[in-house]
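Fold and geometry: a report
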Amino acid sequence: MNKRIIITASIFGLLAVIAGAFGAHGLKPYLDADKLEVWHTAVQYQFYHVFALLFLSTFARTKNSLISTSYYLFTFGIVFFSGSLYMLACRDLLGWSWLPWVGPVTPLGGLLFIIGWITLAMAAYRNKTA
């Protein structure tokens, strides 16, 4: 599990750096300030949870289903929260007028983040070696 968590965090970290640079340099001429702020929020939360995944990997040596649960919650939280914000920020640029239905996905991703943090705290509390 430790290896999988670190690889997942590395991939999401790489994508966050690319997305941040793309937003700052590639999208700046095409998106208004509000949409760039949405893009920036997506990058920011993706990075926060990359670090959460890396921290989670330090607990992965112990057999604890809460660690696995936190891993999936953070991973899907990144996909739903940040992914939906990336799409919403570029909706007009891409001509995807049908995209407003993605809006409710963002809070779902946020909820996954919250539950992921709760399960991480529970895993730490139950860890007998800490």
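What counts as what
- Residues numbered from 1 in each chain as written.
- Predicted model: local features only at pLDDT ≥ 70, side-chain atom pairs only at ≥ 80, totals over all residues.
- Heavy atoms only, no water.
- Phe/Tyr/Trp six-rings, centres within 6.5 Å; stacked < 30°, edge-to-face > 60°.
- Helix = DSSP H or I, 4+ residues; strand = E, 2+ residues; numbered from the N terminus.
- Buried < 20%, exposed > 50% of the residue type's maximum accessible area, 1.4 Å probe, protein only.
- Core = buried A, V, L, I, M, F, W, Y, C linked by side-chain atoms within 4.5 Å.
- Contact = heavy atoms within 4.5 Å.
- Salt bridge = Lys/Arg side-chain N within 4 Å of Asp/Glu carboxyl O.
- Axes fitted to C-alpha atoms, helices over the stretch in contact; angles between N-to-C directions.
- Parallel < 35°, antiparallel > 145°, perpendicular 65-115°, else oblique.
- Left-handed = near helix turned anticlockwise from the far one by under 90°.
- pLDDT = per-residue confidence, 0-100.
- Polar contact = N/O pair within 3.5 Å; in protein donor to acceptor, adjacent residues only side chain to side chain.
- Expected span 1.5 Å × (residues − 1).

With that settled, the discussion passes to the packing of aromatic side chains. The tally for this structure, following the rule as stated, stands at 11 aromatic pairs. Consider the rings of phenylalanine 47 and phenylalanine 51, whose centres lie 6.2 Å apart with planes at 20 degrees: the pair is stacked. Note that phenylalanine 47 and phenylalanine 51 are positioned in helix H2 (residues 33-57) at a spacing of four residues, about one turn of the helix. Its relative accessible area of 54% is what places phenylalanine 51 among the exposed residues. Taken together, the ring pairs connect Tyr45, Tyr48, Phe81 and Phe113 into an aromatic cluster.

Another point: the nonpolar core. One finds Ile5, Trp39, Leu53, Leu56, Ile67, Phe74 and Tyr86 to be the most contacted residues of the largest nonpolar core, which totals 27 residues. Among the elements of the structure, helix H1 (2-26), H2, helix H3 (65-89) and helix H5 (105-126) are those that each provide at least two residues to this core. With nine residues, H3 is the largest single contributor of residues to this core. Ignoring anything within four residues of it in the chain, the contact list for leucine 56 reads Ile5, Ile67, Ser70, Tyr71, Phe74 and Leu120.

A word on the pattern of salt bridges. Evaluated as defined, the whole model comprises two salt bridges. Residue aspartate 92 is joined to lysine 35 by a salt bridge in which the shortest nitrogen-to-oxygen separation is 3.4 Å. On the criterion of sequence distance, the pair formed by aspartate 92 in helix H4 (residues 91-94) and lysine 35 in helix H2 is long-range, its members being 57 residues apart. Overall, aspartate 92 belongs to the exposed group, its relative accessible area being 56%. Taking relative accessible area as the criterion, lysine 35 reaches 19% and is therefore assigned buried. Across the salt bridge formed by arginine 91 and aspartate 92, the nearest N and O atoms sit 3.9 Å from each other. Each of Lys35, Arg91 and Asp92 takes part in salt bridges that share partners, so that together they form one network.

Bringing the packing of H3 against H5 into the picture now. Two numbers describe how H3 lies on H5: the axes approach to 7 Å, and their chain directions differ by 160 degrees. Judged by the angle between their axes, H3 and H5 are roughly antiparallel. In terms of crossing hand, the pair formed by H3 and H5 is left-handed.

Averaged over every residue, the pLDDT of the chain is 90; residues scoring 70 or more account for 94%. Taken element by element, the predicted model of the chain shows its lowest mean pLDDT in H4 (86) and its highest in H2 (96).

Next up on the list: the side chain of threonine 119. By the element assignment, threonine 119 lies in helix H5. Here threonine 119 falls in the buried class, since its relative accessible area comes to 7%. Here serine 70 takes part through its side chain, which lies 2.5 Å from a polar atom of the side chain of threonine 119. Here threonine 119 is in contact with Leu66, Thr69, Ser70 and Leu73, once residues within four sequence places are set aside.

Another point: H2. For H2, with 25 residues, the first-to-last C-alpha span of 36 Å sits near the 36 Å given by 1.5 Å per residue. Inspection of H2 places Lys35, Trp39, Ala42, Val43, Gln46, His49, Val50, Ala52, Leu53, Leu56 and Ser57 among the buried residues, and these make up the whole buried set. Buried residues along H2 sit in contact with H1, H3, H4 and H5. The backbone nitrogen of aspartate 34 lies 3.2 Å from a side-chain oxygen of the residue at the head of H2, namely aspartate 32.

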